[in-house]
Amino acid sequence: MKTLGRRTRLLAATTATAGLVLVAGCSSSSGSGPATVKGVHIVKAGQLTTCTHLPYPPFQSEINGKVQGFDVSLIDLVAKNLGVKQQILDTPFENFKTGAFLNSGQCDLAAAGMTITAERKKNVDFSDPYFEATQAVLVDKDSGINSLADVKAKGKKLGAQAQTTGEDFAKSKGFDPVSFASSDAVLNGMRTGQVQAVIIDYPVVQGWLKDKANAEKFKVVDNLKTGEQYGFTVKKGNKDLLDAINKALKDAKADGTYKKIYEQWIGPYDASAASPAAS
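Quick caveat: nothing in here was measured; it's all calculated off a predicted structure.

**Comments concerning the pairing of strand 8 (residues 85-90)**
Then, in step 1: With 5 of 6 residues buried, strand 8 lies mostly within the body of the structure.
Then, in step 2: Sheet topology places strand 5 (residues 47-52) next to strand 8; 6 bridges connect them, and they run parallel. Pairing of Cys51 across the sheet is with Leu89, part of strand 8.

**Topic: the pattern of salt bridges**
Then, in step 1: Summed over all chains, the structure comprises 7 salt bridges.
Then, in step 2: The residue Lys122 makes a salt bridge to Glu119 at a minimum N-O spacing of 3.1 Å. Comparing Lys122 with Glu119 shows no difference in burial state: the two are exposed.
Then, in step 3: Its salt-bridge partner being Lys239, residue Asp243 comes within 2.7 Å of it at the nearest N-O pair.

**Overview of the state of the cysteines**
Then, in step 1: Under the defined criterion, the tally for this structure stands at 1 disulfide.
Then, in step 2: Here Cys51 is linked by a disulfide to Cys107, with a sulfur-sulfur distance of 2.1 Å. Here the disulfide of Cys51 and Cys107 is right-handed, its torsion about the S-S bond being about 75°. Of this pair, Cys51 sits in strand 5 while Cys107 is found in the loop between helix 3 (100-103) and strand 9 (109-110), placing the two residues 56 residues apart along the sequence.
Then, in step 3: Residue class for Cys51 comes out buried when judged on its relative accessible area of 1%.

**With respect to unusual backbone geometry**
Then, in step 1: Geometrically, the link from Leu54 to Pro55 is a cis peptide bond, its omega value of -10° lying close to zero.
Then, in step 2: Topologically, Pro55 is positioned in the loop between strand 5 and strand 6 (61-63).
Then, in step 3: Note that the residue after Pro57, namely Pro58, is joined by a cis bond; omega there is 5°.
Then, in step 4: If you trace the backbone, Pro58 turns up in the loop between strand 5 and strand 6.
Then, in step 5: Positioned with a positive phi, Lys38 is a non-glycine residue whose angle comes to about 50°.
Then, in step 6: Among the structural elements, Lys38 can be located in the loop between strand 3 (35-37) and strand 4 (40-42).
Then, in step 7: Since its relative accessible area comes to 66%, Lys38 is described here as exposed.

**Describing empty space enclosed by the protein**
Then, in step 1: In the structure shown here, the tally under the stated rule is 3 cavities of 30 Å³ or more.
Then, in step 2: Estimates place the volume of the largest cavity at around 100 Å³.
Then, in step 3: Classifying every residue of the lining of the largest cavity by side-chain character gives 4 nonpolar, 7 polar and 2 charged.

**Focus: the pairing of strand 11 (residues 131-140)**
Each regular strand displays side chains that alternate between the two surfaces of the sheet.
Then, in step 1: Counted residue by residue, strand 11 has 9 buried out of 10 residues, so it is predominantly covered.
Then, in step 2: Relative to strand 15 (residues 218-230), strand 11 is paired through 9 bridges, and the arrangement is antiparallel. Bridge assignment links Val137 to a residue of strand 15, and that residue is Asp222.
Then, in step 3: Where strand 11 and strand 14 (residues 197-201) come together, 5 bridges link them in antiparallel fashion.

**Points about the nonpolar core**
Then, in step 1: By size, the foremost hydrophobic cluster in this structure holds 47 residues, and its most contacted members are Leu48, Phe70, Phe131, Trp208 and Phe232.
Then, in step 2: If we ignore the near neighbours within four places in the chain, the residues touching Leu48 are Ile42, Ile75, Val78, Ala79, Leu82, Val84, Lys85, Gln86, Gln87, Asp108, Leu109 and Leu241.
Then, in step 3: Residues Val137, Val139, Ile199 and Leu224 belong to the second largest nonpolar core, which totals 14 residues.

**A look at the packing of helix 1 (residues 70-82) against helix 11 (residues 257-265)**
Then, in step 1: In the contact formed by helix 1 and helix 11, the axes pass within 9 Å of each other and the chain directions differ by 155°. Between helix 1 and helix 11, the angle falls in the class roughly antiparallel. Along this stretch, helix 1 crosses helix 11, giving a crossing that reads as right-handed. Mapping the contact onto sequence places Phe70, Ser73, Leu74 and Leu77 in helix 1 and Thr257, Tyr258, Ile261, Tyr262 and Trp265 in helix 11.

**Points about the side chain of Thr50**
Then, in step 1: By secondary structure assignment, the location of Thr50 is in strand 5.
Then, in step 2: Owing to a relative accessible area of 1%, Thr50 belongs among the buried residues under this scheme.
Then, in step 3: A distance of 3.1 Å separates polar atoms of two side chains, one belonging to Thr50 and the other to Gln86.
Then, in step 4: Each residue touching Thr50, except ones within four places of it in the same chain, is listed here: Ile75, Gln86, Gln87, Ile88, Leu89, Cys107, Leu109 and Ala111.

Thresholds, definitions, all that
- Residues numbered from 1 in each chain as written.
- Predicted model: local features only at pLDDT ≥ 70, side-chain atom pairs only at ≥ 80, totals over all residues.
- Heavy atoms only, no water.
- Buried < 20%, exposed > 50% of the residue type's maximum accessible area, 1.4 Å probe, protein only.
- Helix = DSSP H or I, 4+ residues; strand = E, 2+ residues; numbered from the N terminus.
- Pairing = 2+ DSSP bridges.
- Salt bridge = Lys/Arg side-chain N within 4 Å of Asp/Glu carboxyl O.
- Disulfide = S-S within 2.5 Å.
- 1 Å grid on protein atoms, 1.4 Å probe; cavity = no way out; pocket = protein on both sides within 12 Å on 5 of 7 lines; lining within 4 Å.
- Points joined across faces, edges and corners; volume = space filled by probe spheres on them.
- Nonpolar A, V, L, I, M, F, W, Y, C, P; charged D, E, K, R; others polar.
- Core = buried A, V, L, I, M, F, W, Y, C linked by side-chain atoms within 4.5 Å.
- Contact = heavy atoms within 4.5 Å.
- Axes fitted to C-alpha atoms, helices over the stretch in contact; angles between N-to-C directions.
- Parallel < 35°, antiparallel > 145°, perpendicular 65-115°, else oblique.
- Left-handed = near helix turned anticlockwise from the far one by under 90°.
- Polar contact = N/O pair within 3.5 Å; in protein donor to acceptor, adjacent residues only side chain to side chain.

Okay, structure coming up:
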């Protein structure tokens, strides 16, 4: 699991261009201070600063030196409406539960394929839901596992990403999953035989299985509908920014932009994902 004191990376991210800059601490002193654009307060003038946790494809990951993904493209719409550029700060996922980087003024919002939960709502304000998610169980084809129940019955090891709802779900079913710090680490745990099965968001698994080598070695044996919806978060009480995010999502769904972004990053368009019920 990544620690709070680890070095963070400031990632200048737009859909077209995303540069990578290493910084020595958790925040950068370069650039201008706080500002207000179109009635929305932002922590650094000229940019919309987004906290995320890399990598988590297809929602956000570094591809050919650029930070790209479904979440990145959607928040780019918000930034464009405000007349600024999106900047991404890579932070430990556990901070999203507490809103630590939002409260400290290091980020304006968090976008990390994050499930809306009552517990998290105590610390942050969520946008309207923008994606319906399910949990997938991926296994090694040679494991003899054909379901989540098989993992326990056959005494196999189950992996999950730390601090996620996938890990919480596994624990709720009586598992003691091996925790990994990132989705890449989860997949590597499968490849190296540390675990024989993993539970993680289905779109992530879809992305993995696009790789021929992964598809030859692994298979999905369960797709669990857990009623999860993703939302972006802001500091509690930051209604102006929340309204700006919700407006961008609503407009994108109405004019077809959301559908285009969905097909680019997720796959065949699922209309139910575009219009999830308010959480």
